[in-house]
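The residues making up each chain are set out below.
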Amino acid sequence: SQVEELVENDEPYDLILAADVLYGEPAPDLVASVLNVLLQKQPTAQALIADPVNRTLRTAFDIACAARGLRLAEGPMPGMEGMRLLSVSKQGYMA
C-alpha cells in the first residue's frame, strides 16, 4: 500500500510527534494508517499529536485508530490553551 511504501525503510521509533495533522477529511484514516505501520515496528512506542480544540475530526480519528487496533487517549495540552494532546499506542500498551 502507499502507506507501507511511505514508511517501509524507517527504523523503529520510541516516540512519534505530530502537530496539526487532523485537518482534512482523509487525515484521520491516513494518519491512523501511518501510525499503525510505525507502531507495529516498536509495539511499546507511543505517538503524541497536538491538535487544536476546535478541530472536528477527532472522533473519526478515534474510530480509525480503533479499527487498526490502536488506542487513543486525549487530554489537555500542558501550557497550550486551545490545544488537545492525543496519545496513540498499540492496544495493551499505554505510557
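Residues numbered from 1 in each chain as written. Predicted model: local features only at pLDDT ≥ 70, side-chain atom pairs only at ≥ 80, totals over all residues. Heavy atoms only, no water.

Chemist: How do you make sense of the environment of Lys-90 when you look at a structure like this?
Modeler: One can find Lys-90 in strand S4 (residues 83-90). Residue Lys-90 is classed as buried on the basis of its relative accessible area, which comes to 15%. Sequence-distant contacts of Lys-90, defined by excluding residues within four places in its chain, comprise Asn-36, Leu-39, Gln-40, Pro-43, Arg-68, Gly-69 and Leu-70. (Helix = DSSP H or I, 4+ residues; strand = E, 2+ residues; numbered from the N terminus. Buried < 20%, exposed > 50% of the residue type's maximum accessible area, 1.4 Å probe, protein only. Contact = heavy atoms within 4.5 Å.)

Chemist: What's the story with the side chain of Asn-36 in this structure? I'm lost.
Modeler: Tracing the backbone shows Asn-36 in helix H2 (residues 27-41). When residues no more than four places from it in sequence are discounted, the contact partners of Asn-36 are Arg-68, Leu-70 and Lys-90.

Chemist: Before we go on, may I ask you to explain the sheet that holds strand S2 (residues 46-52) in this structure?
Modeler: Strand pairing in a sheet relies on backbone hydrogen bonds, with the paired strands running either antiparallel or parallel. Spatially, S1-S2-S4-S3 is the arrangement adopted by the four strands of the open sheet, whose pairing is mixed. Whereas interior strands pair on both sides, the edge strands pair on one side only; in this sheet they are strand S1 (15-19) and strand S3 (70-76). Taking the axes of each pair of neighbouring strands and ignoring which way they run, one obtains an average angle of 20° across the sheet. Each of S1, S2, S3 and S4 is contacted by H2, which is oriented at about 45° to S4, the strand it contacts most. Contacts from helix H3 (residues 58-67) reach S2, S3 and S4 within the one sheet, and its direction differs from that of S3 by about 150°. (Pairing = 2+ DSSP bridges. Axes fitted to C-alpha atoms, helices over the stretch in contact; angles between N-to-C directions.)

Chemist: What exactly am I supposed to notice about H3 here?
Modeler: The α-helix winds at 3.6 residues per turn, so residues separated by three or four positions along the chain end up facing the same way. Listing the buried residues of H3 in full gives Arg-58, Phe-61, Ala-64 and Cys-65. For H3, the arc enclosing every buried residue in end-on projection is 120°, short of the 170-degree limit, so these residues lie on one face. Relative to its buried face, H3 has exposed residues pointing more than 90 degrees away, namely Thr-59, Ile-63 and Ala-67. Of the surrounding secondary structure, the elements contacted by the buried residues of H3 are H2, S2, S3 and S4. Following H3 by one or two positions, Gly-69 has its phi on the positive side, about 75°. (Arc of directions from axis to C-beta.)

Chemist: When you look at unusual backbone geometry in this model, what are you seeing that I'm missing?
Modeler: Comment: phi is negative for the bulk of residues other than glycine, and the bulk of peptide bonds are trans. A positive phi is found at Asp-20, a non-glycine position, where the angle reads about 60°. Within the element layout of this structure, Asp-20 appears in the loop between S1 and H2.

Chemist: Can you walk me through the nonpolar core in this structure?
Modeler: Across soluble globular proteins, nonpolar side chains show a tendency to be buried alongside one another. One finds Leu-35, Leu-39, Ile-49, Phe-61 and Val-88 to be the most contacted residues of the largest nonpolar core, which totals 18 residues. Tallying contributions element by element places H2 first for this core, with six residues. When sequence neighbours within four positions are dropped, the list of residues in contact with Leu-39 reads Ile-16, Ala-45, Gln-46, Ala-47, Leu-70, Val-88, Ser-89 and Lys-90. (Core = buried A, V, L, I, M, F, W, Y, C linked by side-chain atoms within 4.5 Å.)

Chemist: Would you mind showing me how to read the pairing of S1 here?
Modeler: Looking along a regular strand, one sees side chains alternate from face to face of the sheet. Pairing of S1 with S2, which is carried by five bridges, proceeds in the parallel orientation. Note on S2: the bridge partner recorded for Leu-15 is Gln-46.

Take it as geometry only, folks, not as evidence of what the structure does.
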